[in-house]
Amino acid sequence: MTDVSRPPGERIGGWTRLVTARPRLSLLVALLFTALAVVAGSGVADRLSGGGWEDPASQSSYATKALEKRFPASQPNLILLLDSGGTKVDDPKVATEARALAKKLAGEKAVTGVTSYWDTGASALRSKDRGEAIIAARITGDETAQGKALDRIAPDYRGQHGPVEVAVGGPVAVKQEMQTTIQEDLLRAEMMALPVTLVLLVMVFGSAVAALLPLGIGVIAILGTDAVLRVLTEFTDVSVFAQNLTTALGLGLAIDYALFIVRRFREELAAGGETLPAVAATLRTAGRTVLFSALTVAVSLAAMMVFPQYFLRSFAYAGIAVVLIAAAAALVVLPAALILLGDRVNKWDLTRLLRRGRPAGRGADGADGAEPGAGWGRFARLVMRRAPVFALATVAGLVALGLPFLRVEFGTADDRQLPSGAESHVVQQHIRDGFAGGPGGGVEILAEGRPGAAALADYSAKVSVLPGVLRVDSPAGHFSDGRQVSKPGPAEAARAAGGAAYLSVQPKGEGVEPATQDLVRDIRAQSPPFRTSVTGTAAVLVDTKQSLGERIPWAGAIIIAVTLLLVFLLTGSVLIPIQAVLLNALSLTAMFGAMVWVFQEGHLSGPLAFTSSGDIETTLPVLMFCVAFGLSMDYGVFLLSRIKEEYERTGDHEAAVEFGLRRTGGLITAAALILAVVMVAIGTSRVTNTKMLGLGIALAVLMDAMVVRSLLVPAVMKLTGRATWWAPGPLRRLHTRFGLSEGEPAASSAPSSGAPSDGSSSSSSEDPAGEEKGKGRRRDRVSIR
């Protein structure tokens, strides 16, 4: 749909009319939306959850819930660590105070299953030097209720009580402290990232007005997504970590999209265009690319929906919402602002003092100065002259950087995610270092189907002799050491007669080491005459790894298939989509290698201030792959769209590659640098998983922009030559009918709006594969017009 009263090169399509007809109204609606989002999203942080790594349909999840309901003492989530100072925990004064604390704790609302060393005499609840001992209990309810209960009761127990000093720990304390730490760190990250981002945007654009536009779009995206997450918490669990992704992607992608659109608008103005036609040309070109890029990123994030863990699903919710809101704001709010600003988008040039004695420029677009991206053009020619050398060297380097990932060990998130001085971390570290087979590291077995006392004792004996078993504890407090298994007591028999019983198996090693995981599998391989379900930290890890392993191929297939389809619709080529997938995957090798070398093996743990647990949380590589792959496609789309535009215009393959890198090299580098700043700010978090997420994705983004897009893409496209654009006839016709393109439709005889600013060339009458592009066949082509 075009405005026939205007020259063909200045067509004003329906979409442009829609978003620019009432620019002030559009901005007012955006302001109203933002205000409503602030109200709707308020308090979202308090409704987010700190877990979500388990598969809710797994055996371990079922057993955990059943044990919590039937035997709450078997699943303690609150630990009071009592330090007796210079005396021993068996001292009468210490014992009296400890029993009084345990009795008080048992009377607290929402607390059940209280047990302690002084009540049971269990050696597992006392340190090896007899200077510390434990009171364990369970706070009932969901994660939100548990957190509120902990906040209410913890102050009454923390600190000095007569001869003992009490510290509060346990899983519920770890989650609560992690949630509080993440919220504090996120606020600090935002305060760090925003001013640095603004400075970088001013340097890129050379104009304070232009620099403020991307930040405005980012704020809309972040606040809008907070509102979406707040609504989602009414229907499902949402991970507290998802809010970090909201901030990073909201700011990063909004800036990417706004950079691309504002730069193209300034190019059109610099070429002598009027404001409205310049906005129209921008939406026909950069607008299409932004929409296409948003789809590719959203698809990569949506792939996490195939996983049952709400930790991953939360990132899909947050990611899809923030991508779509950022794109919508860039395609609706930004054009309205540009209509009102016009030439004033270049006002407040804060870099003019730095350019004294040099030709004035226009930041990223290079208007009023030298040809934009001349240096990138020379670099592209250099790479293509030595294409085999650059291709082989780059691939070899990226593969080498990813080799440490072959040594990856997977584990579960625990207290070591927190700073070393965090109270719950200190408590668990004391247990880890000073207790024999500390509480919480055992393997719990739920026996159902009315197991008899004799059958239960026989089963306990068989489990006790499995490799890696230190002892088997019965519900009644009886212990089985080595091959000597105690007979079940009256309480155990009663529980068995009631239809269920449980056993606690203490492994010889750490809670999640490979030997303990093998022990879980050995226990599950037993065939007692009653039903058994196994849980515990190692069992959760085994089930999580199995769950992820079953679904990763599906997630990968979704990402690859949709990426291939979307890139084909953009380029009309069969080879380019395959290249895009492979090169994107290569861009992530450094991130995965650093994940193991730094965070698993502990290199740089001092400068980065984290405690290495010797493994990587199982779901994190999946999350980082989906996010980083989507962001890499974001930059790939920006580059490929300009290459395709120039190739359609001239038919010169090498010139098109040079043109694409010349026009987008600086833009992509600037966008990647700004997004890396945001991710590094997130990476300053004191929570290790958040630190790994932020720093890892920052590294992946920089490697993609500065190595893959700058070196590998032009080298590979030079090697593949004009065959890069080949497609069989049926696919060419499909692309002709439904494809996307940044340039003008080839049916037009007018100059392409994506052509260089002199506008000297017109669109080719044929597509790269030689397929005719008549007006009738272009009628259904997807675009923003």
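Rules and cut-offs
Residues numbered from 1 in each chain as written. Predicted model: local features only at pLDDT ≥ 70, side-chain atom pairs only at ≥ 80, totals over all residues. Heavy atoms only, no water. Helix = DSSP H or I, 4+ residues; strand = E, 2+ residues; numbered from the N terminus. Buried < 20%, exposed > 50% of the residue type's maximum accessible area, 1.4 Å probe, protein only. Contact = heavy atoms within 4.5 Å. Areas by Shrake-Rupley, 256 points an atom, 1.4 Å probe, with all protein chains shown as cover. Phe/Tyr/Trp six-rings, centres within 6.5 Å; stacked < 30°, edge-to-face > 60°. pLDDT = per-residue confidence, 0-100. Pairing = 2+ DSSP bridges. Axes fitted to C-alpha atoms, helices over the stretch in contact; angles between N-to-C directions. Core = buried A, V, L, I, M, F, W, Y, C linked by side-chain atoms within 4.5 Å. Parallel < 35°, antiparallel > 145°, perpendicular 65-115°, else oblique. Left-handed = near helix turned anticlockwise from the far one by under 90°. Nonpolar A, V, L, I, M, F, W, Y, C, P; charged D, E, K, R; others polar. Salt bridge = Lys/Arg side-chain N within 4 Å of Asp/Glu carboxyl O.

Observations regarding the overall build of the chain
Each helix and strand in the chain was counted, giving 25 helices and 12 strands. For the chain, buried positions account for 57% of its 785 residues. Put simply, of all contacts in the chain between residues at least 6 apart along the chain, 80% involve residues at least 24 apart. A total accessible area of about 30,400 Å² is found for the chain, and carbon and sulfur atoms account for 61% of it.

What to know about the packing of aromatic side chains
For the coordinates displayed, the defined rule picks out 13 aromatic pairs. Both rings, one in Phe71 and one in Tyr502, keep their centres 5.0 Å apart while their planes meet at 50°; by these two values the pair is tilted. Here Tyr502 lies in strand 10 (residues 500-507) and Phe71 lies in the loop between helix 3 (59-70) and strand 1 (78-83), a separation of 431 residues in the sequence. Take Phe71: its relative accessible area is 9%, and that puts it in the buried class.

Some thoughts on the confidence of the model for the chain
The pLDDT averaged across the chain works out to 81; a share of 85% of its residues lies at or above 70. Contacts for the low-pLDDT stretch residues 357-370, under 50 throughout, to residues beyond four places or in other chains number 24 contacts. Predicted confidence is poor over residues 742-785, with pLDDT under 50, and the contacts of this stretch with residues over four places away or in other chains come to 123 contacts.

A few points about the sheet that holds strand 4 (residues 159-161)
Backbone hydrogen bonds hold the strands of a sheet together, and the pairing may be parallel or antiparallel. Read across the open sheet, the five strands follow the order 2-3-1-5-4; overall the sheet is antiparallel. Edge positions in the sheet fall to strand 2 (111-116) and strand 4, since each of these pairs with one other strand and no more. Recorded for the sheet is a direction-independent mean angle of 25° between the axes of neighbouring strands. One ladder, built from four bridges, connects strand 2 with strand 3 (residues 132-139); its direction is antiparallel. Residue pairing for strand 3: Val111 is matched across the bridge by Ile139.

A short note on the environment of Ala37
With respect to the element layout, Ala37 can be found in helix 2 (residues 23-41). Separated by 189 residues in the primary sequence, Ala37 and Asp226 place their C-alpha atoms 7.3 Å from one another. For Ala37, the contacting residues outside a window of four places in its chain are Leu223, Gly224 and Ala227.

Let's talk about the side chain of Asn689
Tracing the sequence through the fold places Asn689 in helix 24 (residues 688-720). Asn689 has contacts with Trp53, Phe241, Ala413, Gln417, Glu617 and Leu620, leaving out every residue within four places of it along the chain.

Structural notes on the nonpolar core
Core analysis: the largest hydrophobic core is formed by 157 residues, its most contacted members being Phe241, Tyr257, Leu259, Met304, Val323 and Leu623. Ranked by residues supplied to this core, first place goes to helix 11 (residues 310-341) with 19 residues. Apart from the residues within four sequence positions on either side, Leu623 is in contact with Met304, Phe311, Leu312, Phe315 and Leu693. Formed by 36 residues, the second largest nonpolar core is a distinct cluster that contains Leu150, Ile153, Tyr157 and Val427.

Concerning the pairing of strand 5 (residues 164-169)
Two strands pair when backbone bridges link them, and strand 1 and strand 5 are joined in this way by five bridges, in the antiparallel orientation. From the neighbouring strand, Leu82 faces strand 5, where its bridge partner is Val166. Counting the residues in the hairpin turn of strand 4 and strand 5 gives two residues, including Gly162, whose phi is positive at 60°.

Observations regarding unusual backbone geometry
One non-glycine residue, Arg130, lies in positive phi territory at about 60°. Following the sequence through the fold, Arg130 ends up in the loop between helix 5 (117-120) and strand 3. Judged by relative accessible area, which is 34%, Arg130 ranks as partly exposed.

Digging into the packing of helix 12 (residues 374-385) against helix 24
Following both chains from N to C, one finds helix 12 and helix 24 inclined at 55°, their axes separated by 8 Å at the closest point. The angle between helix 12 and helix 24 places the two elements in the oblique class. At the point where helix 12 passes helix 24, the crossing takes the right-handed sense. Facing Trp376, Phe379, Val383 and Met384 of helix 12, the residues of helix 24 in contact are Ser710, Leu711, Pro714, Ala715 and Lys718. Looking at the contact of helix 12 with helix 24, its residues break down into seven nonpolar, one polar and one charged.

Some points on the environment of Thr688
Examined against the element boundaries, Thr688 turns out to sit in helix 24. Look at Thr688 and you get buried, because its relative accessible area is 6%. As for Thr688 and Ser612, which are separated by 76 residues in sequence, their C-alpha atoms are 8.5 Å apart. Ignoring any residue separated from it by four or fewer positions in sequence, one finds Thr688 in contact with Arg416, Gln417, Phe599, Phe610 and Thr611.

Describing the pattern of salt bridges
In the structure shown here, the tally under the stated rule is 27 salt bridges. For Arg407, the salt bridge identified is with Glu601, shortest N-O distance 2.7 Å. With Arg407 in the loop between helix 13 (387-402) and strand 6 (410-411) and Glu601 in the loop between helix 20 (589-600) and helix 21 (605-608), this residue pair connects regions lying 194 residues apart in the sequence. Arg407 sits in the partly exposed class, given a relative accessible area of 43%. With a shortest N-O distance of 3.2 Å, Glu645 and Arg642 are connected by a salt bridge. Residue Glu645 and its partner Arg642 are both found in helix 22 (residues 620-650); the two are separated by three residues, about one turn of the helix.

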